[in-house]
Amino acid sequence: MKNLKKGLVIGLVALFSATTFAQNFDKAPQIGVKGGLSFSNLYVDNIDDDEMLTGFNIGMFAKFPMTSTVAIQTEVYYTTKGAKLTYNDNFATGSTKFKLDYIEVPLLVVYNVTDMFNIQAGAYAAYMISGKVTNESDPAAFDFEGELDTEDFNRFDAGLAAGIAFDFNPISVGARYYYGLTKVGKEQNYSGFNAIFPDAKNSVLQVYASFSFN
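Note that the coordinates shown come from a computational prediction; the quantities given were computed from them, not determined experimentally.

**Student:** Just give me the short version of the confidence of the model for the protein chain, but keep the residues and values in it.
**Tutor:** In the predicted model, the protein chain carries a mean pLDDT of 83, and the fraction of residues at 70 or more is 74%. Taken element by element, the predicted model of the protein chain shows its lowest mean pLDDT in helix α1 (residues 2–21) (51) and its highest in strand β7 (residues 156–168) (97).

Structural data, given as structure tokens:
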């Protein structure tokens, strides 16, 4: 709960800062809520989306028009990330799920191609609040679930974001891709050797719907 509160405070501070920065904009900002599905993976060099982990995202957004075609949008939300590994060997078949939970804050430039369609690009920062690993197998003797120690990971994640959205005021639907630039694991000493585990970065595709209050 302490980590969740800390993540929420970081997100709300960022949202408030963006609101203050946008006070000189001509048009009133749009404030609303959003949520949807997250399809995540971890990558090292190349991104392989054959084994994506399905999760969700939910939170709030604020959109500040700058001109008739350009706006700045910031958000704060809870989102799941991680990866799924499917295996089949002589001992068992099954899947292991590596689940990470973040409070995330993207900052995006929104360009309105038409009144009903826009493209978005920018960056994001996120703070890890919890994590766990689960294994489901056949035979079930290999099943397990355990909490991860978040101190073994980089608590902060950051990267690039881009997407598209269709606006049906006050409802919008869209898709957005997040490309992590920071490694999920941090360097630690294992039996006298320094190594990073997991030596990988986050890759997430989100599909969402949002509702504007104004």
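From this point on, the discussion continues.
**Student:** An account of the environment of Met-66 is needed here, citing residue identities and associated values.
**Tutor:** With respect to the helices and strands, the residue Met-66 is situated in the loop between β2 (53–65) and β3 (70–88). Looking at Met-66, the relative accessible area reads 40%, which means it is partly exposed. Measuring from C-alpha to C-alpha, the distance between Met-66 and Val-110 comes to 9.8 Å, with 44 residues separating the pair along the chain.

**Student:** Got a sec to walk through the pattern of salt bridges? Specific residues and values, please.
**Tutor:** Taken as a whole and judged by the stated rule, the model has 5 salt bridges. Between Arg-176 and Glu-75 there is a salt bridge, with the nearest N and O atoms lying 2.9 Å from each other. Pair noted here: Arg-176 is in strand β8 (residues 171–183) and Glu-75 is in strand β3, with a separation of 101 residues, a long-range link. Each member of the pair, Arg-176 together with Glu-75, is buried. Taking the shortest distance from any N to any O, the salt bridge between Lys-81 and Asp-157 comes out at 2.8 Å. Of this pair, Lys-81 sits in strand β3 while Asp-157 sits in strand β7; the two residues are 76 residues apart in sequence, bridging distant segments of the chain.

**Student:** Residues and numbers for the pairing of strand β11 (residues 201–212), please.
**Tutor:** As paired strands, strand β1 (residues 30–43) and β11 are joined by 12 bridges and run antiparallel to one another. Residue Val-33 lies in a different strand from β11, and its bridge partner there is Phe-211. Of the pairings in the sheet, the one linking β8 to β11 comprises 10 bridges and is antiparallel in character. Looking across to β11, one finds that Ala-175 is bridged to Val-207.

Rules used throughout
- Residues numbered from 1 in each chain as written.
- Predicted model: local features only at pLDDT ≥ 70, side-chain atom pairs only at ≥ 80, totals over all residues.
- Heavy atoms only, no water.
- pLDDT = per-residue confidence, 0-100.
- Helix = DSSP H or I, 4+ residues; strand = E, 2+ residues; numbered from the N terminus.
- Buried < 20%, exposed > 50% of the residue type's maximum accessible area, 1.4 Å probe, protein only.
- Salt bridge = Lys/Arg side-chain N within 4 Å of Asp/Glu carboxyl O.
- Pairing = 2+ DSSP bridges.

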